[in-house]
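# Observations on the model geometry
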Amino acid sequence: MSTAQLQIDHQAYESELVEGTAGNPGVDIRTLRARTGAVTYDPGLANTAACRSAITYIDGKNSELLYRGYPISQLATNCTFPEVCYLLLYGELPNRGQKQQFSVDLTYHTLLHEDMKKFFEGFPASAHPMAILSSMISSLSAYYPETGERNEAELNTRRLLAKAKTIAAFAYKKSLGQPFVYPRNDLSYAANLLHMLFAVPSEPYEVLPVSEKALDMLLILHADHEQNCSTSTVRAVASSQANLYASISAGVNALWGPLHGGANQAVVEMLEQIHADGGHHQKYVDKAKDRDDPFRLMGFGHRVYKSYDPRAHIVKETCDRLLDDLGIDDPLLELARKLEETALRDDFFTERGLYPNVDFYSGVMYRALGIPTVMFPLMFALGRLPGWISHFRELREDAESRIWRPRQIYTGPHRREFVPIEQRP
């Protein structure tokens, strides 16, 4: 077995290398503090593998994203979102019977307990949908507590995947002051979500197939992405043996941040800013290159991908088709194209690996579907649910799993004597 050697104060220590099926090897430092008295220092944990995982693999250098070994382009082109959910959860694509049963479960568990409708009444109309989604997912644990019964984990998994979209749609209706629209058992996962978001009792609403397919694809692209901030949060909370709903609720809150799930919202807001300023995209490209200017081109670059985000290719092509099929002439899409073309011809961006990521065009697609900007992070959360649940389940089944307890480098006062209040200056 290969080893790595660390030298501290002229003393050498060997550690085994942990190899996966692909990607970087890891240096096993589990006994480092006990042997050396030292800990590793890695802000943001960008160089730390906190687990072994068989769910998703990213090769950022070569623009590769695999769900359980399958390239994202193949899944986004050939699968439905429920199929990808099944793949992430169980490791294999479903056969016809499994696909049908899984889809049925995701349909017949969409209704919420009627008492939960009262919770929505307690939120102000101005409440952010992510706050409602997080709170309502956490409250599901009160209705479906862990009892240890057989098949309970499977049932809760399917309940959560089914009910989350109902919660999301009700949160949106709450913000509009419109009545809740109940799910329909004859609609697909994506079509049901669109129906609950946009239908009203006073008139019929028909989900357009092109919109259904576009939303389904967006959910697939966001379904998992290795150990990102929200996924790591789910794992951290789950490591304490917290239940599924509490752990996923924590993931929603982590995703809420503008550096994570709010990125596509930031892209649209940036495009709107540039459009309002006359659409002079070159001006903003130059501002992004100016080190003394705080402006940044949102949607360019990625913490993992050092070349083109493979999801961005798919979104861009689908975005073009969607707007064409819907007959929408969105000036923000044309502005986004010009920004991308200009940036990709500029050495400043290409040399730094600042290529468009999935957020650059997904916001424009959500706009075309009629989804308001404030709902973008919530749509991201719905897509990421199967990934979060898969990581929750993987951690629960991992014999090496321990409660998360990072160390720190302490920088405060070492030791001070207590001073009575009358003696303090």
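Above this note sits the structure.
A short tour of the structure in this document, coming up. Worth saying up front: this structure is predicted, and the values here are computed from it rather than measured. (Residues numbered from 1 in each chain as written. Predicted model: local features only at pLDDT ≥ 70, side-chain atom pairs only at ≥ 80, totals over all residues. Heavy atoms only, no water.)

### With respect to the environment of L140
Inclusion rule: Strands are runs of DSSP state E lasting at least two residues, helices are runs of H or I lasting at least four, and both sets are numbered from the N terminus onward. A contact between two residues is defined here by any heavy atoms of the two lying within 4.5 Å.
In this fold, L140 is placed in helix α6 (residues 129-143). Counting along the chain gives 223 residues from L140 to G363, while the straight-line C-alpha distance between them is 29 Å. The residues contacting L140, other than those within four sequence positions of it, are M116, L160, K163, I167 and Y245.

### A closer look at the layout of surface pockets
Under the convention used in this document: A cavity, in this analysis, means grid points on a 1 Å lattice covering only the protein atoms where a 1.4 Å probe fits yet has no way out; a pocket is instead an open set bounded by protein on both sides within 12 Å along at least five of seven lines, and a residue lines either one if it has an atom within 4 Å of a point. Grid points are joined across faces, edges and corners, and a volume is the space filled by probe spheres set on the points.
Taken as a whole, the second largest pocket encloses approximately 640 Å³ of empty space. Together, 30 residues line the second largest pocket, and C79, E212, K213, D216 and M217 are the ones closest to its centre. Among the secondary structure elements, those contributing two or more residues to the lining of the second largest pocket are α2 (72-78), α3 (81-90), α4 (96-108), α8 (189-198), α9 (209-221) and α14 (310-326). Of the residues forming the lining of the second largest pocket, the biggest block, 7 residues, is contributed by α9.

### What about helix α7 (residues 152-176)?
To keep things clear, this is the line we draw: Multiplying 1.5 Å by the residue count of a helix minus one yields the expected span of that helix. Note on bend: the value at a residue is the angle between axes fitted to the seven residues ending there and to the seven starting there. A 1.4 Å probe rolled over the protein chains alone gives each residue an accessible area, and that area as a share of the maximum for its type sets the label: buried under 20%, exposed over 50%, partly exposed in between.
Its 25 residues place the ends of α7 36 Å apart at the C-alpha level, agreeing with the 36 Å of an ideal helix rising 1.5 Å per residue. In α7, a bend of some 25° at K163 exceeds every other bend along the element. Burial analysis of α7 places 20 of its 25 residues in the buried class, the great majority of the element. Positive backbone phi, at 75°, marks G177, one or two positions downstream of α7.

### Description of the packing of α7 against helix α11 (residues 244-255)
Spelled out, the test is: Each axis is a line fitted through C-alpha atoms, taken for helices only over the stretch in contact, and angles between the N-to-C directions span 0 to 180 degrees. Handedness of each helix crossing follows the sense of rotation of the near helix against the far helix: counterclockwise by less than a right angle gives left-handed, clockwise gives right-handed. In the scheme used here, Gly and all other residues not listed as nonpolar or charged are polar, with Ala, Val, Leu, Ile, Met, Phe, Trp, Tyr, Cys and Pro taken as nonpolar and Asp, Glu, Lys and Arg as charged.
At a minimum axis distance of 11 Å, the contact between α7 and α11 shows a crossing angle of 35°. In this structure, the crossing between α7 and α11 has a hand that is right-handed. The segment α7 lies against α11, with N156, T157, R159 and L160 engaging L244, Y245 and I248. Split by residue class, the contact of α7 with α11 holds 4 nonpolar, 2 polar and 1 charged.

### Considering the sheet that holds strand β1 (residues 3-8)
For clarity, the cut-off: In short, DSSP must find at least two bridges between two strands for them to pair.
Strand order across the open sheet formed by 3 strands is β1-β2-β3, with antiparallel pairing between neighbours. Strands with a single pairing partner mark the edges of an open sheet, and in this sheet they are β1 and β3 (26-27). The pairing of strand β2 (residues 11-18) with β3 spans 2 bridges and is classified as antiparallel. Bridge pairing links V18 to G26 in β3.

### Quick look at a positive patch on the surface
Inclusion rule: For patches, a residue must show more than 30% relative accessible area and have no salt bridge; joins then use 9 Å for like charges and 5 Å for nonpolar side chains, namely Val, Leu, Ile, Met, Phe, Trp and Tyr. Here the Shrake-Rupley method, with its probe set to 1.4 Å, supplies the accessible areas, and only the displayed protein chains count as covering residues. We count a salt bridge whenever a side-chain nitrogen from Lys or Arg sits within 4 Å of a carboxyl oxygen from Asp or Glu. Charged-residue counts in this description rest on Lys and Arg as positive and Asp and Glu as negative, His and the chain ends being excluded. For charged residues, the charge sits on one atom: NZ in Lys, CZ in Arg, CG in Asp, CD in Glu.
Taken together, R33, R402, R405 and R407 make up a surface patch of like positive charges. Within the secondary structure, R407 sits in the segment after α18 (376-397). Looking at R407, the relative accessible area reads 48%, which means it is partly exposed.

### Let's talk about the pattern of salt bridges
Considering all chains together, one arrives at 21 salt bridges under this definition. A salt bridge links R393 to E154; the shortest N-O distance between them is 2.7 Å. Remark: E154 occurs in helix α7 and R393 occurs in helix α18; sequence separation between them is 239 residues. Residue D346 is joined to K289 by a salt bridge in which the shortest nitrogen-to-oxygen separation is 2.8 Å. Of the two residues, D346 is situated in the loop between α15 (331-344) and α16 (347-350) and K289 in helix α13 (residues 281-289); the sequence distance between them amounts to 57 residues. Overall, K289 belongs to the partly exposed group, its relative accessible area being 29%.

### Structural notes on the side chain of E340
Using the following cut-off: Polar contact criterion, stated in full: a pair of N or O atoms within 3.5 Å, where within protein one must be able to donate a hydrogen and the other to accept it, and residues adjacent in sequence count only if both atoms are side-chain atoms.
For E340, the position within the fold is in helix α15. Within the local environment of E340, its side chain forms a polar contact with the side chain of K316, the two groups lying 3.0 Å apart. Within the local environment of E340, its side chain forms a polar contact with the side chain of Y361, the two groups lying 2.4 Å apart. In contact with E340, not counting residues within four places along its chain, are F300, Y308, K316, P356, F360 and Y361.

### Things to note about the pairing of strand β4 (residues 56-59)
Looking at chain direction, β4 and strand β5 (residues 64-67) are connected through 4 bridges and run antiparallel. Across the sheet, D59 pairs through a bridge with E64, a residue of β5. Counting the residues between successive antiparallel strands, the hairpin from β4 to β5 contains 4 residues, one of them, S63, with a positive phi of roughly 55°.

### Here's the deal with helix α17 (residues 358-368)
Counting buried positions along α17 yields 10 of 11 residues, so the element is predominantly enclosed. Along α17, the residues that are buried comprise V358, D359, F360, Y361, S362, G363, V364, M365, Y366 and A368. In the core, the buried residues of α17 are packed alongside α9, α12 (263-276), α14, α15 and α18. With a side-chain oxygen positioned 2.9 Å from the backbone nitrogen of D359, the residue opening α17 is N357.

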